[in-house]
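Below are the chains, spelled out letter by letter.
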Amino acid sequence: MYQWRKFEFFEEKFSGKVADDITGKIQCCSSGKGRIVLGCDDGSASLLDRGLKFNYGFQAHSSSVLFLQQLKQRNFLVTVGEDEQISPQSSAVCLKIFDLDKMEPEGTSTSSPDCIQILRIFTNQFPEAKITSFLVLEEAPPLLLIAIGLDNGSIYCIQGDIARERIKRFKLQVDNHSDKSQSSITGLGFRVDGQMLQLFAVTPNSVNLFNMHTQSPTRQTLDQIGSSVTSVAMTDRSEFIIGRPEAVYFYEVDGRGPCWAFEGEKKFLGWFRGYLLCVFADQRTGNNTFNIYDLKNRLIAHSMVVKEVSQMLCEWGNIILILEDKSTLCIGEKDMESKLDMLFKKNLYTVAINLVQSQQADAAATAEVLRKYGDHLYSKQDFDEAMAQYIHTIGHLEPSYVIQKFLDAQRIHNLTNYLEKLHEKGLASKDHTTLLLNCYTKLKDVEKLNEFIKSEDGVGEQKFDVETAIRVCRAANYHEHAMSVAKKAGRHEWYLKILLEDLGRYEEALKYISSLELSQAGVTVKEYGKILIEHKPAETVEILMRLCTEESELPKKGASSSAFISMLPSPIDFLNIFVHYPQALLEFLEKYTSKVKDSSAQVEIHNTLLELYFSHDLDFPSISQSNIDESGNDLAHKPLKAVSDGRAIPDKNDLNDEKGRQERRQKGLALLKSAWPSEVEQPLYDVDLAIILCEMNAFKEGLLFLYEKMKLYKEVIACYMQVHDHEGLIACCKRLGDLGKGGDSSLWADLLKYFGELGEDCSKEVKEVLTYIERDDILPPIVVLQTLAKNPCLTLSVIKDYIARKLERESQLIDEDRRSIEKYQEESSTMRKEIQDLRTNARIFQLSKCTTCTFTLDLPAVHFMCMHSFHQRCLGDNEKECPECAPEYRAVLETKRSLEQSSKNPDQFFQLVKSSKDGFSVIADYFGKGIISKTSNGHAEALRSGSASSGNDF
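Residues numbered from 1 in each chain as written. Predicted model: local features only at pLDDT ≥ 70, side-chain atom pairs only at ≥ 80, totals over all residues. Heavy atoms only, no water.

A. Spatial organisation of the overall build of the chain. On a plain count of helices and strands, the chain comes out with 32 helices and 35 strands. In the chain, which comprises 954 residues, the share counted as buried stands at 44%. Considering only contacts in the chain between residues 6 or more positions apart, those separated by 24 or more positions represent 47%. In the structure as shown, the chain presents an accessible area of about 51900 Å², 49% of it carried by carbon and sulfur atoms. (Helix = DSSP H or I, 4+ residues; strand = E, 2+ residues; numbered from the N terminus. Buried < 20%, exposed > 50% of the residue type's maximum accessible area, 1.4 Å probe, protein only. Contact = heavy atoms within 4.5 Å. Areas by Shrake-Rupley, 256 points an atom, 1.4 Å probe, with all protein chains shown as cover.)

B. Layout of the sheet that holds strand β25 (residues 288-294). Judged by pairing direction, the sheet is mixed, and its five strands sit side by side in the order β1-β26-β25-β24-β23 without closing on themselves. Edge strands, defined here as strands with exactly one partner in the open sheet, are β1 (5-6) and β23 (265-272). Bridge count between β23 and strand β24 (residues 275-281): seven bridges; the pairing is antiparallel. Bridge pairing in β24 links Leu 269 to Cys 278. (Pairing = 2+ DSSP bridges.)

C. Just the sheet that holds strand β15 (residues 187-193), in detail. Judged by pairing direction, the sheet is antiparallel, and its four strands sit side by side in the order β15-β16-β17-β18 without closing on themselves. The two strands at the open ends of the sheet, each matched to only one other strand, are β15 and β18 (218-223). Averaged over neighbouring strand pairs, the angle between their axes works out to 25° when direction is ignored. Note: strand β16 (residues 196-203) against strand β17 (residues 206-211), six bridges, orientation antiparallel. (Axes fitted to C-alpha atoms, helices over the stretch in contact; angles between N-to-C directions.)

D. Region of the structure containing the packing of helix α3 (residues 349-358) against helix α4 (residues 363-379). At a closest axis distance of 9 Å, the pairing of α3 and α4 adopts a crossing angle of 170°. Taken as axis vectors, α3 and α4 run roughly antiparallel relative to one another. Only Thr 366, Val 369, Leu 370, Lys 372, Tyr 373 and His 376 of α4 make contact with α3, whose side of the interface consists of Tyr 349, Thr 350, Ala 352, Ile 353, Val 356 and Gln 357. Class assignment for the residues of the contact of α3 with α4 results in seven nonpolar, four polar and one charged. (Parallel < 35°, antiparallel > 145°, perpendicular 65-115°, else oblique. Nonpolar A, V, L, I, M, F, W, Y, C, P; charged D, E, K, R; others polar.)

E. Main features of α3. The element α3 is extensively covered by neighbouring structure, given that seven of its 10 residues are classed as buried. Residues of α3 that are buried include every one of Tyr 349, Val 351, Ala 352, Ile 353, Leu 355, Val 356 and Ser 358, and no others. Gln 360, located one to two residues past α3, shows a positive phi value of around 55°.

F. Representation of the nonpolar core within the structure. Counting 161 residues, the largest nonpolar core has Phe 290 and Leu 672 as the members making the most contacts within it. The element that contributes the greatest number of residues to this core is helix α24 (residues 746-756), accounting for seven residues. Not counting residues within four places of it along the chain, the set of residues in contact with Phe 290 comprises Leu 277, Cys 278, Val 279, His 302, Ser 303, Met 304, Val 306, Met 312, Ile 319, Leu 321 and Ile 331. Grouped together as the second largest cluster of nonpolar side chains are 23 residues, Val 78, Ile 97, Phe 122 and Leu 144 included. (Core = buried A, V, L, I, M, F, W, Y, C linked by side-chain atoms within 4.5 Å.)

G. Layout of the side chain of Gln 198. Here Gln 198 is to be found in strand β16. Side-chain polar atoms of Gln 198 contact the side chain of Asn 211, separated by 3.0 Å. In this structure Gln 198 touches Gly 189, Phe 190, Arg 191, Leu 209, Phe 210, Asn 211, Met 212 and Val 253, once residues within four positions along its chain are discounted. (Polar contact = N/O pair within 3.5 Å; in protein donor to acceptor, adjacent residues only side chain to side chain.)

H. Structural context of the pairing of strand β11 (residues 131-140). A large share of β11 lies buried, amounting to eight of its 10 residues. With eight bridges connecting them, β11 and strand β12 (residues 143-150) associate as antiparallel partners. From the neighbouring strand, Val 136 faces β12, where its bridge partner is Ile 146.

I. Just the environment of Arg 664, in detail. With respect to the helices and strands, Arg 664 occurs in helix α19 (residues 654-674). Residues Arg 664 and Phe 614, spaced 50 residues apart in sequence, show a C-alpha to C-alpha distance of 6.9 Å. When residues no more than four places from it in sequence are discounted, the contact partners of Arg 664 are Leu 586, Leu 612, Tyr 613, Ser 615, His 616, Asp 617 and Leu 618. From its side chain, Arg 664 meets the backbone oxygen of Ser 615 in a polar contact 3.1 Å long.

J. Region of interest: the UniProt feature "domain: RING-type" (unreviewed entry) in the chain. As recorded in UniProt, the sites labelled "domain: RING-type" (unreviewed entry) are residues 850-885. Secondary structure over residues 850-885 splits into 11% helix and 17% strand, and the C-alpha atoms at its two ends are 15 Å apart. (UniProt positions renumbered as here; feature names shortened; annotations may be inferred.)

K. Structural detail: the packing of helix α7 (residues 412-424) against helix α8 (residues 430-443). In contact at an axis separation of 10 Å, α7 and α8 are set at 140° when each is read in the N-to-C sense. With respect to each other, α7 and α8 are oriented oblique. As for the relative orientation of α7 and α8, their crossing is left-handed in sense. Note on element contacts: α8 touches α7 through His 432, Thr 433, Leu 435, Leu 436, Cys 439, Tyr 440, Lys 442 and Leu 443, opposite Ile 412, His 413, Leu 415, Thr 416, Leu 419, Glu 420, Leu 422 and His 423. By residue class, the composition of the contact of α7 with α8 is nine nonpolar, five polar and two charged. (Left-handed = near helix turned anticlockwise from the far one by under 90°.)

L. Focus on unusual backbone geometry. Between Leu 859 and the following residue, Pro 860, the backbone shows a cis peptide bond with an omega angle of -5°. Checked against the element boundaries, Pro 860 lands in the loop between α27 (797-840) and β34 (861-863). We note that Ala 698 has phi near 55°; this positive angle belongs to a residue other than glycine. Considering the arrangement of structural elements, one finds Ala 698 in the loop between α20 (687-696) and α21 (700-709). According to the relative accessible area criterion, Ala 698 is exposed, its value standing at 63%.

M. Structural detail: α7. With 13 residues, α7 extends 18 Å from end C-alpha to end C-alpha; this agrees with the ideal 18 Å at 1.5 Å per step. Residues Asn 414, Leu 415, Thr 416, Tyr 418, Leu 419, Glu 420, Leu 422 and His 423 constitute the buried set of α7. Positive phi shows up at Gly 426, right after α7, with a value of about 70°. (Expected span 1.5 Å × (residues − 1).)

N. Representation of the environment of Arg 474. Tracing the sequence through the fold places Arg 474 in helix α10 (residues 466-475). On the basis of relative accessible area, Arg 474 is assigned to the buried category, the value being 18%. For the pair formed by Arg 474 and Ile 498, sequence separation is 24 residues and the distance between their alpha carbons is 7.9 Å. Not counting residues within four places of it along the chain, the set of residues in contact with Arg 474 comprises His 479, Ala 482, Trp 494, Lys 497, Ile 498, Glu 501 and Asp 502.

O. The pairing of strand β3 (residues 26-32), seen in detail. For β3, the buried fraction is high: five of the seven residues fall into the buried class. Across six bridges, β3 lies against strand β4 (residues 35-40) in antiparallel orientation. Bridge pairing in β4 places Ser 30 opposite Val 37. Hairpin connection, β3 to β4: the antiparallel pair is bridged by two residues, and Lys 33 has positive phi, about 60°.

P. Main features of the confidence of the model for the chain. Chain-level pLDDT for the chain is 81 on average; 88% of the residues reach the 70-or-more range. pLDDT under 50 marks residues 552-560. Its contacts with residues more than four places away, or in other chains, come to five contacts. Taken together, the stretch residues 935-954 has pLDDT below 50 and engages in seven contacts with residues farther than four places along the chain or on a different chain. (pLDDT = per-residue confidence, 0-100.)

Q. Representation of the packing of aromatic side chains in the model. Under the defined criterion, the tally for this structure stands at 27 aromatic pairs. Judged by centre distance (5.5 Å) and plane angle (15°), the rings of Tyr 349 and Tyr 373 are stacked. On the criterion of sequence distance, the pair formed by Tyr 349 in helix α3 and Tyr 373 in helix α4 is long-range, its members being 24 residues apart. For the pair formed by Tyr 349 and Tyr 373, the shared burial category is buried. Measuring from centroid to centroid gives 4.5 Å for Trp 748 and Tyr 772, while their planes differ by 5°, and the two rings are stacked. Pair noted here: Trp 748 is in helix α24 and Tyr 772 is in helix α25 (residues 763-776), with a separation of 24 residues, a long-range link. On the accessibility criterion, Trp 748 (1% relative accessible area) is buried. A network of ring pairs unites the aromatic residues Tyr 378, Phe 383, Tyr 390, Tyr 401 and Phe 406 as a single cluster. Sitting over the face of the ring of Phe 9, Lys 339 holds its NZ or CZ atom 5.6 Å from the ring centroid. The ring of Tyr 378 has Lys 405 lying over it, and the distance from NZ or CZ to the ring centre is 4.6 Å. (Phe/Tyr/Trp six-rings, centres within 6.5 Å; stacked < 30°, edge-to-face > 60°. Lys NZ or Arg CZ within 6 Å of the ring centre and 35° of its normal.)

Structure representation (structure tokens):
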């Protein structure tokens, strides 16, 4: 083992001597709970604090302390020592347990911990022998298992709650050799693995293992060679270590494990943080040497020559050696940074890497060591090995640090390897993907490119940025690879972009769109529909029909047809792709409307269809479009019309164009009518837009229909007036001017005005118009005369008969009015005389019978001015008005009250004036009834009050 490298990973923290308070020879020691306990041959036990400062001591045994162990779970100290012999039959060796948390005063100046149990080790069943080893295991507090090794090859075990003396004793026999030097128990070690408890026992001739978890412990011999000195230890992985002069051996439950050929007599063995501690006698020099071995990395972490060692233990993160002369050495491990600096100065990077990995340093520290090793190899131009180290730093070292080095060195193969590993770990950015793909393309390494892009077979997420990979492959003309990435990642827009823009494979693109889900197909068609319409219009329209109607899916759906259609894309969403191809758009929308009758976008669809139907040449301004024949094939672009002297020169297709235009207009008119049924108030299109389209394209039939549906009758006749269609104009007025059918009779007045301002002979038409004006009494004769007087081509003979009839009629009305006036005057005069007679003359009541009961009147009787007489008993409580005349009187009062109420409602008045043929007669009637009066409010109130008093008197 002299080939192992030596390092100074440990350093001496401090040295000194044991306190003078400890006078006896140190025979045993133990550590734990942040302190050290020393047992001496004078029976004392001393406790030392950090820095080996004496805390206190006490007399544990009267003679000597042979062994002691401080428990880890409870603050107890278990000692084995010699006390005074009580009787010749009893042994002086006993076991004591001290509770270090409880102190008992002893004298005035000292104190000792409470001894909670004293137990005699040897009894009649367990004969006395020399104790050679001692070990305590805390099973589950308060239970202990104490193993005591003897020089006769036996092991006495005491198990249970020893503090309460609830114990069980049993013996384990290892060797029964006549020569005690060959059967002495030289070492013990407990191994706990879950519920399994095992005990290693060493003699000079064997290594044994007892299974303690069984009812009767069984023994298993692991090796036929043991150790004659007490140099054993347990590792933190429950391996048992034995030191022999030729080597150090490791044992596990199944036998001997690895051995390390460290020569020299092993005096002490220990285990500290993965290091093997060994004090041995160097045969060449005769000195004692203390070595600390790093077995994983095969190096000596520390080595020093020491004097005779009495005790070795570990506490406070340090290794403590107590020498025979009571001097002490405290050795501690250096920090990781110091150890690494030491190795870096010697360029021992491999050792540094192994060191940080074996000591389970954090990943960042390991990566830093690997980076420095890589830098070292890079400086020596060992690029392959340097890259191997840099790859291990992925995830901790910034990738740009490595990439920059290998860009400068033009080591593209190494750089490619690094970038591949970066992508495998999912830590690559877009720039890294771009760089890797550029490396592949520069190297022309199609195999690697295929492996990088196609290896995952669509399983899981890609370990690179998809968009970047597609962009780089496209730029390098690796279109198939770009399509593979796009398809695997579900980037349908990129897949189609490559198919259409780079490869021009339109049929394949259409098949791919057909295979997509409904929503995805809709998105892709919106984006690339213009290209598809340009090259494959018929097939594109078919795909759009499937998208918007999904004919094959309708029978499979449980929902209703209308509910399902509302979930589908709307044709309006795809209008933009037809901007250069209105003929294809017309075909698409016609097919759609023929199959779908209740679309949510009906209004927008009908608006678009109307715009196409009424367009003069089915073209948008400054945009040429492809013609599509009935089979859907793309024909040559429609040639532009030549222009000469400001007039278009018609080509040979003009006649066909005119025929197509008329067909479209008839379809448009049919759509206007079908989308606005008579029972519906609002149509399934934008009326204002439809009117504008008809006006822009001079479509008279459409305008007439829309105006008539909107009851804009004056605009209807205005259309006829613009083209001087007199027959149509009169026919229209006959249809729309009939009040009985909800028409507007004022149309005849507008028509008469039109003929009056026409400036040409239209006697026949005027006579016909006058017939309807006279029939419905629409205009007064004076207005008719004034209107027709403006036309110089009309003679008086046109209206002669009309004026004669109107004058005769007016004469008859005047005569009737005069007779009525005379009648009313006579009635008024008679009433005034009667009123005057009532006021001035006495009335004689001559009735002899009661008007109500017709019996002869007797007193008391009541007589009214209306000449009715009643028994008072027949009137009851109503003595103020005549029962016979009261209903008529109330009717008069109610009429008067109603008239007064009407005067406060001007809206009713104006409504009557507006709806009446003769508004003046309505006004005259209101004046005649006294509803409208120019008198002041005060005077009117006086009149009303006077009328009331007169009525009361009456």
